[in-house]
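Close look at the chain arrangement
The residues making up each chain are set out below.
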Amino acid sequence: MAVLAPRVVFVTRESEYEVLIARHATKAQARFFLETRDQSIAAVEAAHDRFHDVLAAARMAVPDDWRQVLVRRDDLNRVLFAPTDIICAVGQDGLIANVAKYLGGQQVLGINPDPASYDGILVRLDVDRLAKVLPACVAEDVRIEARTMVQARLDNGERLLALNEVFVGHRSHQSARYRIEAGEKSEVQSSSGLIVASGTGATGWGRSIADATDLQLDLHPEERSVGFWVREPFPSVTTGTNMRSGKLAGEGLSVISRMNDGGTIFADGIEQDFIEFGWGREVVLGPADQTLNLVLD
């Protein structure tokens, strides 16, 4: 039986320049739109060119006898990833989060096309190193950072995965009512919603909530734990504010909706990809079994 050559799946998203052209039809129209706002298209086009130079260099680094495919972020939900695929995300850190929930343990490499503009917390690899790293991935001779992910499992079996965080609340961000339970503690709350974040997500949205409320949690990206934070809980005769944050390991956080309409659950800030969370529905949130296997070198 013939053995298939390794396959590299390049994941990208549209550049700002491509979005402008798609919206305004022509470069001239896009330039006019920006100039009316005292902006120049030159910088946007230069960033677009830099990105495609890096992407071209990355694709050239793949051995000639290997397979490769290019996937846009918006098409990820239609891709069937093979267990042996090597995923190469070229773009911002958020692109790693976008692809992570569709994977099942594959090795992931992140390439930063513009270190002057993007932090590169997850997209760390220099494109010049890719030609050496790819064969090392096949040989399993690379360092892997197994980053914990968050899982939300509903009472009907639906499941949502996130690399950073899962939000539970009202879709309009008005007051959300629900019952929360963790271990021996439970409470009915009215709040602006809550998030459950991994160690990766705790440096983003989770960190902003922790800093604003002084409710710090120590979470390492590879730790098999997640944290939760409640946003602006409101005390009343029927709602409490005692369970405002906490760390979850083996046990999950149970949330039962008391919202007649508007209840929602979404992952990694993608509000359009949501699960309805109406009255009486229950979701249990905690660390997922699978991890993001991020290649370090």
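Predicted model only: the values in this text are computed from it and were never measured. (Residues numbered from 1 in each chain as written. Predicted model: local features only at pLDDT ≥ 70, side-chain atom pairs only at ≥ 80, totals over all residues. Heavy atoms only, no water.)

**Some details on the packing of aromatic side chains**
For the structure shown, the criterion picks out two aromatic pairs. Measuring from ring centre to ring centre gives 5.8 Å for phenylalanine 167 and tryptophan 205, while their planes differ by 15°; the resulting arrangement is stacked. Taken together, the residues phenylalanine 167 in strand β7 (residues 165–170) and tryptophan 205 in helix α6 (residues 205–213) connect sequence positions 38 residues apart. Phenylalanine 167 gets classed as buried once you look at its relative accessible area, which sits at 0%. (Phe/Tyr/Trp six-rings, centres within 6.5 Å; stacked < 30°, edge-to-face > 60°. Helix = DSSP H or I, 4+ residues; strand = E, 2+ residues; numbered from the N terminus. Buried < 20%, exposed > 50% of the residue type's maximum accessible area, 1.4 Å probe, protein only.)

**A look at the packing of helix α1 (residues 16–24) against helix α2 (residues 27–35)**
Running from N to C, α1 and α2 cross one another at 105°; their axes reach a closest spacing of 8 Å. Considering the angle they form, α1 stands roughly perpendicular to α2. Where α1 abuts α2, its residues Tyr17, Leu20, Ile21 and His24 lie against Lys27, Gln29, Ala30, Phe33 and Leu34. Taken together, the residues of the contact of α1 with α2 break down into six nonpolar, two polar and one charged. (Axes fitted to C-alpha atoms, helices over the stretch in contact; angles between N-to-C directions. Parallel < 35°, antiparallel > 145°, perpendicular 65-115°, else oblique. Contact = heavy atoms within 4.5 Å. Nonpolar A, V, L, I, M, F, W, Y, C, P; charged D, E, K, R; others polar.)

**What to know about the sheet that holds β7**
The antiparallel open sheet is built from six strands, whose spatial order is β12-β11-β10-β7-β14-β15. The strands lining the two open edges of the sheet, one partner per strand, are β12 (245–248) and β15 (274–276). The sheet shows a mean angle of 15° between the axes of neighbouring strands, direction not considered. (Pairing = 2+ DSSP bridges.)

**Re helix α5 (residues 130–138)**
For α5, the complete set of buried residues consists of Leu130, Val133, Leu134, Ala136 and Cys137. Along the axis of α5, the buried residues cluster in a sector spanning 165°; they form a single face. On the buried face of α5, the contacting elements are β1 (7–12), α3 (41–60), β3 (86–90), β4 (107–111) and β16 (282–295). A positive phi of about 55° marks glutamate 140, the residue just after α5. (Arc of directions from axis to C-beta.)

**Quick word on the side chain of arginine 281**
Looking at the secondary structure, you find arginine 281 in the loop between β15 and β16. Within the local environment of arginine 281, its side chain forms a polar contact with the side chain of asparagine 156, the two groups lying 3.1 Å apart. A polar atom in the side chain of arginine 281 sits 3.1 Å from the side chain of glutamate 158. Among all residues touching arginine 281, those that are not within four sequence positions of it are Leu154, Asp155, Asn156, Glu158, Val255, Ile256, Ser257, Ile275 and Glu276. (Polar contact = N/O pair within 3.5 Å; in protein donor to acceptor, adjacent residues only side chain to side chain.)

**Comments concerning the pairing of β4**
Among the five residues in β4, five count as buried, and that is most of the element. Burial of the side chains of β4 extends over both faces: Gln107, Leu109 and Ile111 are buried on one face and Val108 and Gly110 on the other. Where β3 meets β4, five bridges bridge the pair, whose relative direction is parallel. Note that in β4 the partner of valine 90 across the bridge is isoleucine 111. Handedness of the β3-helix α4 (residues 93–100)-β4 crossover: right-handed. Across two bridges, β4 lies against β16 in parallel orientation. Bridged to valine 108 within β16 is leucine 294. (Right-handed = clockwise from strand over helix to strand, strands pointing away.)

**Comments concerning the nonpolar core**
Counting residues in each nonpolar core, the largest one holds 27 residues, and the members touching the most others are Val166, Leu194, Val196, Leu253, Val255 and Ile265. When residues of this core are assigned to their parent elements, the largest contribution, four residues, is made by strand β8 (residues 176–182). Each residue touching leucine 194, except ones within four places of it in the same chain, is listed here: Val166, Phe167, Val168, Tyr178, Ile180, Trp229, Val230, Arg231, Leu253 and Val255. The next biggest cluster of nonpolar side chains, apart from the first, holds 23 residues, and it includes Phe10, Phe51, Val54 and Cys137. (Core = buried A, V, L, I, M, F, W, Y, C linked by side-chain atoms within 4.5 Å.)

**So, the environment of tryptophan 229**
Tracing the backbone through its elements, the reader meets tryptophan 229 in strand β11 (residues 226–230). Classification of tryptophan 229 by relative accessible area gives buried; the value is 1%. With 223 residues separating them in the primary sequence, tryptophan 229 and proline 6 have C-alpha atoms 42 Å apart. Only 2.8 Å separates the side chain of tryptophan 229 from the backbone oxygen of leucine 215, close enough to count as a polar contact.

**Describing the packing of α1 against α3**
Where α1 meets α3, the axes come as close as 8 Å, and the angle between the chain directions of the two elements is 120°. Here α1 lies oblique to α3, going by the angle between them. Residues Glu16, Tyr17, Glu18 and Leu20 of α1 pack against Ile41, Val44, Glu45, His48 and His52 of α3. Residues belonging to the contact of α1 with α3 are distributed by class as follows: four nonpolar, two polar and three charged.

The values reported here are purely geometric and, on their own, carry no functional implication.
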